[in-house]
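One-letter residues, chain by chain:
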Amino acid sequence: MNDMTTEQITGAQATLMALDHAMSLDDDVIVFGEDVADREGGGILKATQGLSSRYGNARVRSTPISEQAIAGAAVGAAIAGKKPVAEIMLMNFITVAMDQIVNHAAKIRFMSGGRTAVPLTIRTMTGAGAGTGGQHSDMLEAWLAHTPGLKVVVPSNPMDQKGLLHSCIMDEDPCIFIENTILMRSRGPAPTVDHQVPLGKANIVRSGSDVSLIGYGRPMIDVLAVADKLAKDGISAEVVDLRTIVPMDEETILNSVAKTRRAVVVHEAVKSFGVGAEISSRIHEELFSDLVSPVKRVCSKNTPVPFAKTLETEFLWSPAEIESAARALCE
């Protein structure tokens, strides 16, 4: 069955589609967060618009501005048998709720001897490039991926956003679903209503034989553009979209790099201690003797996200950096 229609939708619309579909299938799915109900506008980007009118205020609730309360209520609802989808409006604000996320959501299954599941999803949005400044733009996926018990998901397009969010909502473990500020407004092919993407399965977006370009989230747009450019010069790049950071699809990564013997890892978060370092380490540990050259990483600079546009552009990764890294490996 073809899971794609000819329609184009935004990331925000993909989120709304996933929430609506999940709520229609399971009465235990509930949604809450700041301004998510229709009387408050249905979310700052309308990603929850219409849900409270359709499913009632008991299942879709706007909350006070308290990330601790939102995350704590989500944990409580999950262990009581609900499937809460809690919105922490911006990822930087997750720092306020780290106690509930790290010490409670992530650990309850283990501290109960496996008897208590925590089937909650936390949606949060972030990303540099829109001039939102240092306290509204950080990619903190490495913090969360470092916490055993959490699943961490980062879509790169509306189709995956719909399919992955649905899988998160139906999963028995706590999932952190990271939406990108710019992709929430960007359009891409729309999935069918029942489209699902399994967690822990990367996507080979483009097959290739010379170099593996591995990434996730918004940088995948540039990665694909670079792969097209390299192809014109006879360099065959394989593009791997991870989609899920935890669980990580190590098998797909290693199979790709074993074939190409070269790898560039790209992500938006700062380079130091990032997910790219983990991927690079796993590749070197398993494929050291097969590599033509060490793995290269293309990431953002190790500084808080600047507000000034010129500095913000300099902070972010660039297509030129991705291209240069790939060409250097292939020379």
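(A) Structural view of the overall build of the chain. For the chain, the helix and strand inventory stands at 12 helices and 14 strands. Against the 2.2 N^0.38 benchmark of 20 Å for 331 residues, the chain shows a C-alpha radius of gyration of 20 Å, consistent with a compact globule. Taken over the C-alpha atoms alone, the chain extends approximately 60 × 45 × 45 Å along its principal axes. Per-residue burial for the chain yields a buried fraction of 55% across its 331 residues. Summarising the internal contacts of the chain: among those between residues at least 6 apart in sequence, 82% fall at separations of at least 24. Charge-centre separation for the chain: the mean point of 31 positive side chains lies 1 Å from the mean point of 40 negative side chains.

(B) Representation of the sheet that holds strand β10 (residues 211-215) in the model. Spatially, 5 strands are ordered β9-β11-β10-β13-β14 in an open sheet, and the strand pairing comes out mixed. The open sheet has two edge strands, β9 (203-206) and β14 (296-300), and neither has a second partner. Between one strand axis and the next, the sheet turns by 25° as a mean value, whatever way the strands run. Here β10 pairs with strand β13 (residues 263-270) via 4 bridges, running parallel. Within β13, the residue paired with Gly215 across the bridge is Val266.

(C) Representation of helix α1 (residues 11-25) within the structure. Its 15 residues place the ends of α1 21 Å apart at the C-alpha level, agreeing with the 21 Å of an ideal helix rising 1.5 Å per residue. Every buried residue of α1 is accounted for by Gly11, Ala12, Ala14, Thr15, Ala18, Leu19, His21, Ala22 and Met23.

(D) Summary view of the environment of Ala97. By the element assignment, Ala97 lies in the loop between β4 (83-90) and α4 (98-105). Given a relative accessible area of 0%, Ala97 falls into the buried group. Residues Ala97 and Ala71, spaced 26 residues apart in sequence, show a C-alpha to C-alpha distance of 6.3 Å.

(E) Just the nonpolar core, in detail. With 49 residues, the main nonpolar core has Ile101, Leu242 and Ile283 as its most contacted residues. Looking at this core, the elements that each hand over two or more residues are β2 (29-33), α3 (67-79), β4, α4, β7 (175-180), α9 (250-260), β13 and α10 (275-287). Of all the elements, α3 adds the most residues to this core, at 6 residues. Setting aside residues no more than four positions away along its own chain, Ile101 makes contact with Ala71, Ile94, Ala106, Ile122, Leu144, Leu150 and Ile176.

(F) Structural detail: the pairing of strand β5 (residues 121-126). The buried fraction of β5 amounts to 6 of the 6 residues, a majority that puts the element mostly inside the structure. Where β4 and β5 come together, 5 bridges link them in parallel fashion. Each bridged residue has a counterpart across the sheet, and for Ala86 the counterpart in β5 is Ile122. Summarising the sheet, β5 and β7 pair through 6 bridges and their orientation is parallel. Each bridged residue has a counterpart across the sheet, and for Thr121 the counterpart in β7 is Cys175.

(G) Here's a closer look at the packing of α9 against α10. For the pair α9 and α10, interaxial distance at closest approach is 10 Å and the crossing angle is 60°. As the angle between them shows, α9 and α10 are arranged oblique. Note on packing geometry: the crossing formed by α9 with α10 is right-handed. Taking contact as the criterion, the partners of Glu250, Ile253, Leu254, Val257 and Ala258 in α9 are, on α10, Ile279, Arg282, Ile283, Glu286 and Leu287.

Thresholds applied
- Residues numbered from 1 in each chain as written.
- Predicted model: local features only at pLDDT ≥ 70, side-chain atom pairs only at ≥ 80, totals over all residues.
- Heavy atoms only, no water.
- Helix = DSSP H or I, 4+ residues; strand = E, 2+ residues; numbered from the N terminus.
- Rg over C-alpha atoms; globule rule 2.2 N^0.38 Å.
- Buried < 20%, exposed > 50% of the residue type's maximum accessible area, 1.4 Å probe, protein only.
- Contact = heavy atoms within 4.5 Å.
- Lys, Arg positive; Asp, Glu negative; His and termini not counted.
- Charge placed at Lys NZ, Arg CZ, Asp CG, Glu CD.
- Pairing = 2+ DSSP bridges.
- Axes fitted to C-alpha atoms, helices over the stretch in contact; angles between N-to-C directions.
- Expected span 1.5 Å × (residues − 1).
- Core = buried A, V, L, I, M, F, W, Y, C linked by side-chain atoms within 4.5 Å.
- Parallel < 35°, antiparallel > 145°, perpendicular 65-115°, else oblique.
- Left-handed = near helix turned anticlockwise from the far one by under 90°.

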